[in-house]
Each structure stands twice: as structure tokens, then as C-alpha cells.
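# Topology and contacts: notes
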Number of protein chains: 2
Amino acid sequence: MSEFLADKKRTHSCNALRASDVGKDVVLMGWVAHRRDHGGRVFIDLRDREGLTQVVFGPEIGKEAHELASELRSEYCIGIAGKVVTRVSSGGQPNPKLATGEVEVNAETLHIFSRSETPPFLIEDEIDTREEIRLKHRYLDLRRPALQRNFLVRSKLYRAARDYFHGEGFTELETPFMVKYTPGGARNFLVPSRLNPGNFYALAESPQIFKQLFMVAGFERYFQIVRCFRDEDLRLDRQPEFTQVDVEMSFITEEDIYATMEGLIARAWKDVLDVDLPRPFLRMSYREAMLKYGSDKPDLRFGLELADLTEVLRPLEGGGVPLFKGALEQKGIIKGLRIPAKEAASLSRTEADKLEEFVKGFGARGLARARVGEGGEWTQSPLSKTVTPEARAAVNAALGAGPGDLLFFQFGSFKLVNAVLGGLRLHLGHKLGLVPEGQWRFLWVTDFPMFEQAESGQWVAAHHPFTSPKPEHVQYLGTDNGRVEARAYDLVLNGNEIAGGSIRIHQREVQAKVFAALGLSEDDFRAKFGFLLDAFRYGPPPHGGIAFGLDRLTMLLCNAGSLRDVIAFPKTQKGTDLMTDAPTGVAPEQLDELGVQLKKV
Amino acid sequence: MSEFLADKKRTHSCNALRASDVGKDVVLMGWVAHRRDHGGRVFIDLRDREGLTQVVFGPEIGKEAHELASELRSEYCIGIAGKVVTRVSSGGQPNPKLATGEVEVNAETLHIFSRSETPPFLIEDEIDTREEIRLKHRYLDLRRPALQRNFLVRSKLYRAARDYFHGEGFTELETPFMVKYTPGGARNFLVPSRLNPGNFYALAESPQIFKQLFMVAGFERYFQIVRCFRDEDLRLDRQPEFTQVDVEMSFITEEDIYATMEGLIARAWKDVLDVDLPRPFLRMSYREAMLKYGSDKPDLRFGLELADLTEVLRPLEGGGVPLFKGALEQKGIIKGLRIPAKEAASLSRTEADKLEEFVKGFGARGLARARVGEGGEWTQSPLSKTVTPEARAAVNAALGAGPGDLLFFQFGSFKLVNAVLGGLRLHLGHKLGLVPEGQWRFLWVTDFPMFEQAESGQWVAAHHPFTSPKPEHVQYLGTDNGRVEARAYDLVLNGNEIAGGSIRIHQREVQAKVFAALGLSEDDFRAKFGFLLDAFRYGPPPHGGIAFGLDRLTMLLCNAGSLRDVIAFPKTQKGTDLMTDAPTGVAPEQLDELGVQLKKV
């Protein structure tokens, strides 16, 4: 079987031959993409990872090869040896769509490495085969040019990132995957320990603490491209295993992080897409992002900014709009979204009605709206009867509303109102064709709140409990948690959070205060993170870092529709692998060794 | 706390300043390595990851800084700003051992980022602190210059390897870590699936099948630096998580693998050590390696070759040596090891006696030996009385023995004899000072047997069941397994196996025959590897690959004594992490969710 390979070296890829190669003896290897027979000859498109070349078998070119060629079918894996000729010289037509379209190879020798049954779907980009079938035969799915391209992009991205970091004086370091289980964070996968029966490792959800320890250890600049694990209920855009570009730096401020990471992104965009990104990236506080876009990851490729109407209406008699009155009384907020007349004109009344259904998905109970008439009056709106002229004028002014504009309103809690109008803004941006193609709008979102309050009243860390509060806010820890802002930052691209990080706490006493503010007792946090606090006894440097979601970054770079298009062997939403049928049952003796057994039902 | 960082940019590393920098204003950051007070001044060695710089605080240089400097202790983390001066100008002496030894910095400003308690051990290379203490405070252990260097080497190795592969047209691809459990291979860690209660993932012991599927998918050249997991009883030189440089190529033969991997190693040695390795590397068949060195990973830095005496003695009356007779009758072998007179002279009779104890660790029951006298006679040997003159002459000739030489003998099974004499050869090589420092002896070991026979008589794959048999040996599959040789190869460096791989089977029918030869029923192998056989229905290319143990490679490059010196956060032999105390117990509810419970005792 290997005689062909032993005798003959591949001379070119299937994307290499040009008119200037005519007359050369070449050896090509790859897969039969198409075959057709014409005038006593066999023509095939031979495909390898680089491209296609037309290969011709004829009785006068090579008798044995021609005979064997009659057996060829799609996806047969073959090697050929022959001579490059122009297509024209043999009576054909150049194919301008193909890089190799001016030439073909007259095959004197043919070797069939392996045959193929008819694949369950065509190896082409635009196919409507169900994803389940494609995932089951992922090795064929991955042959499709679109997926091949995605993984080449991903490979280029690894290379660009690593080159960049090494060039910038970072040390690439690895961290353990089987780590201590710490209750209370994201849900972890657990691994029973055979050598320590009854005990479990967690699969690391990130190298967070280890990278901070690298800083304590004096490595100063660390990076790693690392797999992370989270046992979440899988939504469409999540995977139980994901890849992170993980970074930590010592003796730095936020400005050093911004500059270094902008350099990374610029390098990636240049190397992968040959795009020069303008720098520095825009910045916006969390507060402004929420105010204008109802989101902490605003898509800046289009406008449709929100306006806060709370303080506009509060001074007015009865709040000006009876419907909104309750919100004012219950510490709620009121916000509006204005669709300019031009775009509003394309939204029929029925379509506008449907939006009410859409926002219910975000928890809204309804979606008050109004069309603005010639004189500023509101029409098509239940509000039109109850709003005071004064309030209407004030709202119109705050939203910059003019004739023909369509206004949407939402009132209630800060969280709800922003979720609804932020979601509506995105939806309408796309629906109304306001989102331009091919734009890369990067944005640093900064000045995040340090804590969020759960419905139970319990404070939780908005980022993670190692994030440094702003120094001037340390005084509020534990007494006025809601006022504490963090030295945290997210990098947003076209409405997607692609990275997040923070300057960390490096002072034991501040770390202890934060744990206390979170309601953790000294014993609690010692049990969980005692080793980190111990490490902080020995001269920890000021440090901070960031982590990029590499899968999502690749998806955006590829303009792919799903994470599954940039992960070679993804899991389904049920966490299964349709190709190998993982996970599976295991023998009881196997579990025995691990000190566990299946739960009795 | 961050005002110093916000105001001042670090200008130099602690290894940067030279006489030519005198007069410059500089900002340095790092840790206090040593402090001493002299003539009213405070002198410290400031350490960062690059090196040391002497910093001076004096009342005339900076009053506040000088006062604060009196608080400094070892491992305080600080920043300073000041002016570079020559040591001589301020009455000191240059330190020729230090790159920055001609200068010091007069510190006008001092900022203490954090203080340090007295570390539990000195941050120096030659310390005799117990490893348990060092692992518990790994963040301090990693500050020691020797470990810092190891991880810089490791980082350079990653870089060299990836640059090389990308330059050679390889695509970097990731494979899943949570995979299907396949009984029968190495013992895997298991991960219970919450979404599929009662079912488990395995943590991948290698990306073997996925990388073969990448070849079926047409990626042609794949590499990945990837974590792998094996739940083995941990010996000193094993870790449950280890890192592999994983490679697979299509349309290639062994020669392509050898050439490509020699390029990789040469690049790594050049980039990391600035050593130019001679190529091509030596090659040796498994048979020859076992014959001459009793090992399939021979250390070629020294001689002490073994000789097979089986066929020398067999023709002789009664085997020539009564003691060996049983081995001849029971299909055993007899081998000898000759220590030349010069080295043998340094081995006293007592020391030689001790070797008998040593080889018992390899399963030997004893260690027959003889010193060769002036006339070729054997002394100091129980054999001397029973050996026939004819046999003695034949053995002396086969071993090239002359006066003063010391001969060791072993007889019994092929496996035992080679384990004993191979182990003895290595031991004596080191003991007798025959192993030169600084030599890199690479060797490809080839032509491995395809199968090994377990004591039960069961045949098992010597490499793995996807390894291609030699085409001319396919005919013996199932009927004469012992005769089948594989297209497998190991790369050996100074007696360490650093890589192993093979040309794979790409024909379904051959794969099925190999599974059958291993005693696997069709159902068995379909259940385990059905998806691979399915993939082979669709034109798989001929392919092969290799995997390097990155931890061991780093260890050899660093001349480190243990894998734990090149893994940042290693586990103990009990699989525990002494710093974080992993693994731990978990709450019963947590297990509940996963559908498992602790085994009732």
C-alpha cells in the first residue's frame, strides 16, 4: 500500500499549479471531489486542504491509470503522477473561478489509497443536512471548505497570539486542570480520586488563582491558551469545554492592560484578516453603557440610543404618565427608545404589535409605545389618552422625538428595563438593517460595580472576589456595598463580550474585607482560599489580568454562526458527543475502585 | 496603593543597568533579596525575574525613602525611583559576578507595595528544605532562580515547537478532553455527567483517535500541545496530568516523520540551548537495541554492550555451563556483560557483591559473574568450577574478554535477562563514570514487534491497536502474531524515551484483522471504536504520527532532576496538591446532582 508513497514525493498542493508550471512532472494527492467522463476520458477534480486541481485520465496518457480511473468515485483518496498541460491545449476551457483553472494534469499513474462509500451528505458548503447527521459524521463535516477555513483561522489566531505574547516578554506557563473543588462559584465537573477514595477534584473553570500565584512567584507576565470547564446547562452558545487566552501581569495599572491587549487584538486582526485596526479602542463606563444601550456589552455599530426618562418625569404632577407612576414610587426607572421616522416607517402596526411578544421573552409584561404625530402628539398608543401635554413634551424632548418617530417605553426595575430595551434595541437594529457588515467596533467597558445584590438580599461578586475595589471605595466595603466600584474591565466587540478582567487585590486585609462584605466568615474563606491569603503574606506584587474567550473570538473572526463551527468536536446541548456516543455507562467495578457507586433510585 | 504605578513607569529590569547607564533616572520594581546597613545607609539587592540590582538608600539621597527603607525586610515587594551611579564613585566595589555589578541606584523614592513575613525557606537554589514544605508554599518555591529558569526554558520550548510546526504547514487544532470511556487501555479518570445521570466521560489519555479523524477530515498536518490524563499509580517520575506535543501527518512514510521531527528537535535545541545538533539521528532496530543494550531506549553515551551467549553455548556439550542449561532447554536466553579491566579494577569484590542485591530489584534471582585471569581463566566465580574450558573460551571470545575484565551473566526469559542486564549496564555506566556530561545522543528505535504476549497467553498491542503492521506481515495477523512487526518508532535521548509513534492503519479490513488478532470480537470493537471504522469507510488517507512527552523533554533540556521541577503545580505520589489540599470531600447534594454517591463501606 505504501509503495506509491515510498516511490513518489508529493510535488505540489492541489492549489499550486499555474500556467507557468506547464510541462512539469508532478505528483498530487488528495480526494476525488467530482468525476465526469467525456470523450473517452475521465476528468476528476482532485481536492486537498489547499484547493482543487483538474486531473485527466485517458487511454493515450496512461493505459493502466485510465482503466483504474473508471473505478473512481467521490471521496476516494488517491495519488497521481503526471504532466501539467494547459486546459486549452487539450480542447478544454480555462476555469476562471479556480486558482488552478488554466491547467490540468494528464495522469500517467494512479494509486488508490482508499475507497469511499457514498457519504451521507455532500462535502460542500451550502448543505441543509441536519446538524445531528453532520455531528455524527464530524470527520466528513470537517472536510467541508467552510469548516476547513474556520480551523485555519483558528490556527492562525493561536499563532498570532502566542507570537505576540512571547514578543512582549510573557512567559507561557501551564496550570493544573484537576484542582481543588471550591463550592459557590460556577458549577464544576468533579473527578473522583481513586488514590483518595471519597475525595474529588474539580475540573478547573479557569486558572484564576494559579495565575495570581504566578505573580506572587515573580513571573511578572504570564499567558496561557488553556481549556476550561463549566458544568452549566448548555445553551446554544455554550460548551462544557471552552478555550481561554489567559493573561496576568505584575506592576501594572489598567492602562498597561488596555495597551497590551489592544496590541494583541491588532496583531490578530492583522495576521488573520489583514485588517489594520485603529487604536486606542473606545472606552465607556458601565454606567454610560447601561444608560445609553441598556447593556454592558453594547453593539456600537449602530445608534438607537436609549434615554432615561425617570428624572424627566419625576418632577411632574403625578409623574405625567399614570402608567409609569408606580415605577417612580417603587424606586424603579423609566426609559424610552426612539426609532427615527425613516426606519419607523418600515415597521407596520402589526410588526410593532409583535415586538410586544418579543420583549416578553426578556420578562417584560408589556411594551408601551407611541407614534409621534405632526404636532408632537402621540398616536397608536393607549398612553395618548392619559399622558399630560407637559409630560409628552418633556418625553419628546428627552428622546429628541419628531414627527413619524416611533417611541417605545419600559418601566420597572433597573435590571428589567435595561434588559428589555437593550434587547429590543439589538433586535430592531438588525431588523431595520442598521447594522453594517464588516465593521469591528471594539469597546472597553469600565468602572463596573463591585457587587450585585441577589433577590435574597445577599451580595455577590459581580466579577469575582479577587477583583480590586477602587481604592477610594474600600471604605464602603461591608457598609455600603452598592457604592463600591471595581477595577474591572470588559472588552466588547460588536456587542459580544470577548474578554474580561480586573486589577486584583494584592493586600490580605483588603481581600479579607471583600470576603466579609460577601458574607463569608473567616473560616469559610480560609477553607476555600486559605492558600491564596497565605501567599499574600510574602510580598505579593500589585497585579491584574484578563481572559479572552478564544472560541467566541474565532467565531467572530470567521463570521461563523455558532461556536460549534469553530470547535472541532463539540458537544450537543445535552452534553453528548454524537460521533463517539460519550458519555457512557461504566462497569460497577470501575466505580468501585473510585469509591463511588450509582445513586440508588 | 497604585499611585506609584500610576505616576511612574518601570524603566528597566533588575538585570539591565550597566556602567553606560550612569546618570540616568530609573524606576525599578521587584523584591528585596538581601538588605544590609553600612555607614548610615541601607543597601538592598532588588530582585525581579531578570536579575538583581543594588539599590542604596541614604539620608542625603532621599530622606523619606531612607527612613522608610529601615522597614525593609527580605521579600518585601517594592518600587524605587532614583539615579544610576557607579559603585566605585560611592566608595564601593564592583561585583564581577553580577551583570549589573558595576553600578548601583541611589534611591530617591521608595514605595512598598507589600510586606512579607519571614519565608519558611530561603529563596535560593541550594536549600535542603523538605519537598513537602516547598510544595505547600509553591508560590515561594517558584521564586527560586533555578525554578524560574526551568519555566523560562519550558516557555521557550513551547515557542520553538509552535513556530516550527506553523512554519512547516501544520494546523494547530484542539481535541476534547472529556471523551468516551473505552475500557481496556490505560486507566482513565472518570467524570460523572450531570445531564446524563449514570453516565461518565473519561478524561482523554491522548488525542489519538481524534487526530486520526483529523486526517480523515483532510487536515493533512496537525499538531497540538495538549494536556493528557492517566489515573496510574504514581511513581516518582509520573504525574496524573502531563503535557504532550501531539502530531499527525497524511500522505507520508516513516521517513517524513523522522525528518520533520528531527527538524523540530534541532530547532528546539538551537532556540533554547543554542546547540546545533547533528542530523540525521542514528537509527537502530528494536532487535538490535535489545541485543546490545537490553533496552528499547538505550543510552548511547557509553558502551558496555551486552552479548547474547545463547547460540554460543547451545552447540556445546551440556550447554557448557551447567547453571545455564535450564535456560537453553526452556526457550530462555543467556547474555553477558563485560566490564573492561580498567573500570573493573575500581569495582571491589564487596561492591560487585552489592550488585547482586541491585539486580534483584529487576527480578533477578542472582547475578553470576567472573573475573578474567591472565590466561583467560575465571576467578571469583562459582562458575569457574563447572564451566568447561571450551565454553569459557567461547564466552570470552563472544564478549571480547581479556585479563582483568569482569563478566556478568544472566539467563532466563528474554524479558528478565534484558531487564536485568540493561538495568545493570545503566547502573554501572553511571557508577563507573562512563556517562559524559553535555552529550545529546538521539536515537530512533524502529521495527518494534506489533504485539506482546501477556502471561495469560493473551496478545496485547505493544504500541496501540491503530498501529500499522508492516505490509508484508499482515498475512501473519491472528495466526503468528509474534512474527508481526509494526511500523512504529520511538525517539530516544540519552536513554529516555522522549517520543513514540507509528504509521497508522488506514484500511478498515486491516484494522478489523488487528482487532481480531487481539481477541476482540466484532461487537467489542464496534462498541469501542465503531466511529473510527465508520470514518474509514470514506476515503481515509494513509497517515501516521508521533507524540512527545513535553514534561520529560523540558526536564532533559533543563538538566532537572524531577518532573516536579518543570511542572508549575505538580501533584504528589498520592495525587494530592499540598498547597490547595486537593482533592477534597464534597457535599452529598453535589453528588446527588451527578447521580452518584459515595460507596457504602
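Numbers given for residues are sequential positions, taken from 1 along each chain in its written order. Whichever chain is written first is A, and whichever ligand is written first is 1; the rest continue in order. Where totals are concerned, whole chains, interfaces and linings use all residues; where local detail is concerned, this predicted model gives features only for residues with pLDDT of at least 70, and gives and counts side-chain atom pairs only at 80 or more. To obtain the side-chain values, all non-hydrogen atoms of the structure were used and water was disregarded.

### Description of the interface of chain A and chain B
Under the convention used in this document: Residue contacts follow a heavy-atom distance rule, with two residues in contact if any of their heavy atoms lie within 4.5 Å. A quick way to say it: buried area is the sum, across both parts, of accessible area lost when two parts are put together, with a 1.4 Å probe. By convention in these notes, a salt bridge is any Lys or Arg side-chain nitrogen within 4 Å of a carboxyl oxygen on Asp or Glu. Think of a polar contact as two N or O atoms within 3.5 Å of one another; within protein, one of them needs to be a possible hydrogen donor and the other a possible acceptor, and neighboring residues in sequence only count if both atoms come from side chains. Every helix listed is a DSSP run of H or I at least four residues long, and every strand listed is a run of E at least two residues long, numbered separately from the N terminus. Here, a strand pair is defined by DSSP locating no fewer than two bridges between the strands.
At the junction of the two partners, chain A supplies 128 residues and chain B supplies 128 residues. Summed over both sides, the interface between chain A and chain B buries roughly 11400 Å², with carbon and sulfur atoms accounting for 57% of that surface. There are 20 salt bridges connecting chain A and chain B. Residue A:Arg194 pairs with B:Asp233 through a salt bridge whose shortest N-O separation is 3.2 Å. In this structure, the connection of chain A to chain B is made through 71 residue pairs in polar contact (both at pLDDT 80 or more). Per-element accounting of the side of chain A that touches chain B gives the leading share, eleven residues, to helix H5 (residues 145-167) of chain A. Examined bridge by bridge, strand S24 (residues 596-598) of chain A and strand S24 (residues 596-598) of chain B share three bridges and lie antiparallel to one another. Pairing of A:Leu598 across the sheet is with B:Val596, part of S24(B).

### Some points on empty space enclosed by the protein
Note the cut-off: A 1.4 Å probe that fits but cannot get out identifies a cavity on a 1 Å grid over protein atoms alone, an open set with protein on both sides within 12 Å along at least five of seven lines counts as a pocket, and a residue lines either if it has an atom within 4 Å of a point. Grid points are joined across faces, edges and corners, and a volume is the space filled by probe spheres set on the points. The residue classification treats Ala, Val, Leu, Ile, Met, Phe, Trp, Tyr, Cys and Pro as nonpolar and Asp, Glu, Lys and Arg as charged. All others, Gly included, are polar.
All chains considered together, the criterion is met by eleven cavities of 30 Å³ or more. Of the volumes computed, that of the largest cavity is approximately 250 Å³. Looking at the lining of the largest cavity, the elements with two or more residues in it are H5 and strand S10 (221-229) of chain A together with helix H5 (145-167) and strand S10 (221-229) of chain B. Counted by class, the lining of the largest cavity contains eight nonpolar, four polar and eight charged residues.

### Remarks on the relation of the copies chain A and chain B
Basically, it comes down to this: For this overlay, a least-squares fit was computed on C-alpha atoms, restricted to residues scoring pLDDT of at least 70 in both copies.
Once turned by 180° and shifted 0.0 Å along the axis, chain A lies on chain B with an RMSD of 0.1 Å. Both copies are brought into coincidence by an operation consistent with a two-fold rotation axis. Most of the interface of chain A is mirrored in chain B, where 100% of its interface residues again form contacts.

### Focus: the pattern of salt bridges
Where charged atoms of side chains with opposite charge meet at close range, the side chains can pair. Cut-off, in case you're wondering: We call a residue buried when its accessible area falls under 20% of the maximum for its residue type, exposed when it is over 50%, and partly exposed in between, using a 1.4 Å probe and counting protein chains only.
This model, assessed by the stated rule, comprises 106 salt bridges over all chains. Here A:Glu241 makes a salt bridge to A:Lys571, at a shortest N to O gap of 3.6 Å. With a gap of 330 residues between them, A:Glu241 in strand S11 (residues 241-250) and A:Lys571 in the loop between helix H18 (550-558) and helix H19 (588-594) connect regions that are remote in the sequence. Neither A:Glu241 nor A:Lys571 differs from the other in exposure class; each is buried. Ionic pairing is found between A:Lys270 and A:Asp274, a salt bridge with its closest N-O pair at 2.9 Å. In this structure A:Lys270 comes out as partly exposed when scored by relative accessible area, which is 34%. The class for A:Asp274 is exposed, based on a relative accessible area of 54%. Where salt bridges share partners, they join A:Arg154, A:Arg227, A:Glu241, A:Asp551, A:Lys571 and B:Glu174 into one cluster.

### Remarks on the sheet that holds strand S15 (residues 368-372) of chain B
Residue and element names in this part refer to chain B. Let me state the cut-off plainly: An axis is simply a line fitted to the C-alpha atoms; with a helix, the fit covers only the stretch in contact. Between two such axes, the angle follows the N-to-C directions and lies from 0 to 180 degrees.
With antiparallel pairing, five strands are arranged side by side in an open sheet as S13-S14-S17-S15-S16. Edge strands, defined here as strands with exactly one partner in the open sheet, are strand S13 (306-308) and strand S16 (378-379). Sheet contacts for helix H14 (residues 414-431): S13, strand S14 (333-339) and strand S17 (406-412); angle to S14, the most-contacted strand, approximately 10°.

### Remarks on the sheet that holds strand S3 (residues 52-57) of chain B
All names here are of chain B. Reading around the barrel, the five strands line up as S1-S2-S3-S5-S4 and close back on themselves, with mixed pairing between neighbours. Sheet twist, expressed as the mean angle between neighbouring strand axes with direction ignored, is 55°. In this structure, strand S4 (residues 77-86) lies alongside strand S5 (residues 103-114), joined through ten bridges in antiparallel fashion. Looking at the pairing, Gly82 lines up with Ala107 of S5.

### A few points about the packing of helix H6 (residues 208-216) of chain A against helix H17 (residues 522-535) of chain A
Residue and element names in this part refer to chain A. The cut-off we apply is this: Note on angle classes: values under 35 degrees are labelled roughly parallel, values over 145 roughly antiparallel, values of 65 to 115 roughly perpendicular, and the remainder oblique. The sense of a crossing depends on the near helix, which, turned anticlockwise from the far helix by less than a right angle, makes the crossing left-handed and, turned clockwise, makes it right-handed.
Packing of H6 against H17 leaves a shortest axis separation of 10 Å and a crossing angle of 15°. Between H6 and H17, the interaxial angle falls into the category roughly parallel. For H6 against H17, the interelement crossing comes out left-handed. Contact residues: Ile209, Gln212, Leu213 and Val216 in H6; Phe529, Phe531, Leu532 and Ala535 in H17.

### A few points about the confidence of the model for chain A
What counts here: Every residue is assigned a pLDDT by the predictor, reflecting its confidence on a scale from 0 to 100.
Mean pLDDT over chain A stands at 94; residues scoring 70 or higher make up 99%. Among the prediction metrics, the complex's ipTM stands at 0.95, with pTM recorded as 0.95.

### What about the environment of B:Arg279?
All names here are of chain B. Within the secondary structure, Arg279 sits in the loop between helix H7 (254-273) and strand S12 (282-285). The partly exposed category is assigned to Arg279, whose relative accessible area is 47%. Once residues within four sequence positions are removed from consideration, Arg279 is found in contact with Glu262, Gly263 and Ala266.

### Topic: the side chain of B:Lys571
Its relative accessible area of 3% is what places B:Lys571 among the buried residues. Side-chain polar atoms of B:Lys571 contact the backbone oxygen of A:Met178, separated by 2.7 Å. Setting aside residues up to four positions removed in sequence, B:Lys571 forms contacts with A:Pro176, A:Met178, A:Tyr201, B:Gln239, B:Pro240, B:Glu241, B:Arg564, B:Thr576 and B:Asp577.

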